[in-house]
Amino acid sequence: MAEAPALSGRRPRNGTTARAAAPGPGAAPGPGAAPGPGANPSGSRAPQGTRTVPGWLWSLPPVAALALVFLYPLALVVQQSFSPENGGGAFDAYASVFRSHSFREALGTTVWLAAGATVGCLVLGFVLALIIAFVPFPGAKAVSKFIDVFLSFPSFLITLALLFIYGTVGMANGLWTDVSGAAEGPFHFLTTPWGVLLAEITYFTPFVMRPLLAAFSQLDTAQLEVASSLGAKPARIIRRVILPEALPALAAGGSLVLVMCLNEFGIVLFTGAKDVTTLPMLVYGKAILESDYSAACVVAVVNIAISVGLFGLYRVVSKRAGA
């Protein structure tokens, strides 16, 4: 049997040097070997001459697209509001618009319609969400799913549906004339501010119901059972147990509805309410009907400022509500 070579510093008999036993350039280092300078800790060699792209370069395309599509037209509107076509100072258009009776009336109409629709949506949405979430009835889950679909409907579609029912030649007036023999029916409220208010409440109520249903789904039913076992009536349970849990969702949904009602245009236009002029309708009238672009831009800037302020409030409320 051949004798194994001793672990010493003598050269092997086959004439190879100790340098041949060292790992080559491409061989992996041994378990105890430390990585050399410039080596990749994962064991793979880092590519030579490559540079990583700075993170701010990746943000340039979306920022450029946003500036071109949105910020540039908005800047033109603001610039036009400070540049009257008939000359004058930068704030002459603002002073003229603020002094006009039509602007003050449109601002008041916009505010009270938005506030009234928000209150109506909060009350109706809370009641309907309570019924869907806590009153067992067949099809409750399907109704909840339909609310999600309803949110995708355009606003003018709901207005057209109300016109088919309560319009001058709608179903309700037709049924009244057929039964009573009168020349016309009694339902003419759709062309008044109350008709606009009804249409906005009908359309925007699901925007309040959606966060409420999400909040009710996370409510611990054990609290309701304990309150009921202690003799609390349904009204007290709603006031003391359910309502405190629903307040953040109510605030978030109400803030969103308020912002959307301030900017609503389709409902007011399709109801045909000639005596109802909101800020979006005033912008349309100044720009399209009167060709007064400076005044239209002033009203648009005011509407944007109010909307951005309320949207900031909505984001704060939503963040506190965890939405």
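Here, the structure is the one placed above.
Notes on the structure in this doc start here.

## Focus on the overall build of the chain
No. 1: Helix and strand content of the chain: 13 helices and zero strands.
No. 2: Classification of the 323 residues of the chain by burial places 30% in the buried group.
No. 3: Element-wise, carbon and sulfur atoms account for 67% of the exposed surface of the chain, whose accessible area totals about 20900 Å².

## Points about unusual backbone geometry
Residues other than glycine predominantly adopt negative phi, and peptide bonds predominantly adopt the trans conformation.
No. 1: In this structure, S291 takes a positive phi of about 60° despite not being glycine.
No. 2: Looking at where S291 falls in the secondary structure, it is placed in the loop between helix 12 (279–289) and helix 13 (293–321).
No. 3: For S291, a relative accessible area of 40% corresponds to the partly exposed category.

## Quick notes on the state of the cysteines
No. 1: In total, this model carries zero disulfides according to the counting rule given.
No. 2: C121 takes part in no disulfide bond, and the closest cysteine sulfur, belonging to C261, lies 5.9 Å away.
No. 3: Judged by its relative accessible area of 0%, C121 is buried.
No. 4: Taking the relative accessible area as the measure of exposure, C261 reaches 5% and is therefore buried.

## Some words on the pattern of salt bridges
No. 1: For the coordinates displayed, the defined rule picks out one salt bridge.
No. 2: Between K286 and E290 there is a salt bridge; the shortest N-O distance is 3.4 Å.

## A word on helix 12
No. 1: Taken together, the buried positions of helix 12 are occupied by L279, P280, M281, L282, G285, K286 and A287.
No. 2: Residue S291 follows helix 12 closely and has a positive phi angle near 60°.

## A short note on the environment of V111
No. 1: Here V111 lies in helix 4 (residues 101–134).
No. 2: Between the C-alpha atoms of V111 and L258, which are 147 residues apart in sequence, the distance is 9.1 Å.

## Re the packing of helix 3 (residues 92–99) against helix 4
No. 1: Interaxial distance between helix 3 and helix 4 falls to 5 Å at its minimum, and their mutual angle equals 70°. Regarding the angle of helix 3 to helix 4, the classification is roughly perpendicular. For the pair helix 3 and helix 4, contact is made by V97, F98 and R99 and by H101, F103 and R104, respectively.
No. 2: A breakdown of the residues in the contact of helix 3 with helix 4 according to their chemical character gives three nonpolar, one polar and two charged.

## Here's the deal with the nonpolar core
No. 1: Membership of the largest hydrophobic core comes to 45 residues, with the highest contact counts inside it found for F204, L212 and F216.
No. 2: Counting only elements with at least two residues in this core, the list comes to helix 4, helix 5 (140–150), helix 6 (155–166), helix 8 (193–217), helix 9 (221–229), helix 10 (234–262) and helix 11 (266–271).
No. 3: The element best represented in this core is helix 8, accounting for 13 residues.
No. 4: Once residues within four sequence positions are removed from consideration, F204 is found in contact with C121, V257, M260, C261, E264 and I267.

## What to know about the packing of aromatic side chains
The description of two aromatic rings rests on the distance between their centres and on the angle between their planes.
No. 1: A full pass over the atoms with the stated rule returns 19 aromatic pairs.
No. 2: On the numbers, 4.9 Å between centres and 75° between planes, the contact of Y203 with F204 is edge-to-face. F204 shares its class with Y203; the two are buried.
No. 3: Aromatic ring contacts, followed pair by pair, group F146, F150, F153, Y203, F204 and F207 into a single cluster.

## Focus: the side chain of N173
No. 1: Within the secondary structure, N173 is located in helix 7 (residues 171–180).
No. 2: In this structure the side chain of N173 is engaged in a polar contact, spanning 2.9 Å, whose partner is the backbone oxygen of F187.
No. 3: In contact with N173, not counting residues within four places along its chain, are I165, Y166, G167, T168, G185, P186 and F187.

## Thoughts on a nonpolar patch on the surface
No. 1: A cluster of nonpolar side chains, V119, V123, L124, V127, L128, I131, V135, F137 and V143, forms an exposed patch at the surface whose accessible area comes to about 670 Å².
No. 2: Looking at the nonpolar patch element by element, the count peaks at six residues for helix 4.
No. 3: By the secondary structure assignment, V123 is in helix 4.

## Comments concerning the environment of F103
No. 1: You can see F103 is positioned in helix 4.
No. 2: The class of F103 is buried, set by a relative accessible area of 5%.
No. 3: With 196 residues separating them in the primary sequence, F103 and V299 have C-alpha atoms 7.8 Å apart.
No. 4: Among all residues touching F103, those that are not within four sequence positions of it are V97, F98, L279, L282, V299 and V302.

## Quick look at the packing of helix 4 against helix 8
The geometry of a pair of packed helices is captured by two quantities: the angle between their axes and the separation between those axes.
No. 1: Contact pair helix 4 / helix 8: the axes reach a minimum separation of 6 Å and the direction vectors enclose 45°. Taken together, helix 4 and helix 8 sit at an angle that is classed as oblique. Where helix 4 crosses over helix 8, the two elements pack in a sense that is right-handed.
No. 2: Class assignment for the residues of the contact of helix 4 with helix 8 results in 23 nonpolar, four polar and one charged.

Thresholds, definitions, all that
- Residues numbered from 1 in each chain as written.
- Predicted model: local features only at pLDDT ≥ 70, side-chain atom pairs only at ≥ 80, totals over all residues.
- Heavy atoms only, no water.
- Helix = DSSP H or I, 4+ residues; strand = E, 2+ residues; numbered from the N terminus.
- Buried < 20%, exposed > 50% of the residue type's maximum accessible area, 1.4 Å probe, protein only.
- Areas by Shrake-Rupley, 256 points an atom, 1.4 Å probe, with all protein chains shown as cover.
- Disulfide = S-S within 2.5 Å.
- Salt bridge = Lys/Arg side-chain N within 4 Å of Asp/Glu carboxyl O.
- Axes fitted to C-alpha atoms, helices over the stretch in contact; angles between N-to-C directions.
- Parallel < 35°, antiparallel > 145°, perpendicular 65-115°, else oblique.
- Contact = heavy atoms within 4.5 Å.
- Nonpolar A, V, L, I, M, F, W, Y, C, P; charged D, E, K, R; others polar.
- Core = buried A, V, L, I, M, F, W, Y, C linked by side-chain atoms within 4.5 Å.
- Phe/Tyr/Trp six-rings, centres within 6.5 Å; stacked < 30°, edge-to-face > 60°.
- Polar contact = N/O pair within 3.5 Å; in protein donor to acceptor, adjacent residues only side chain to side chain.
- Patch = residues over 30% accessible without salt bridge, like charges linked within 9 Å, V, L, I, M, F, W, Y side chains within 5 Å.
- Left-handed = near helix turned anticlockwise from the far one by under 90°.

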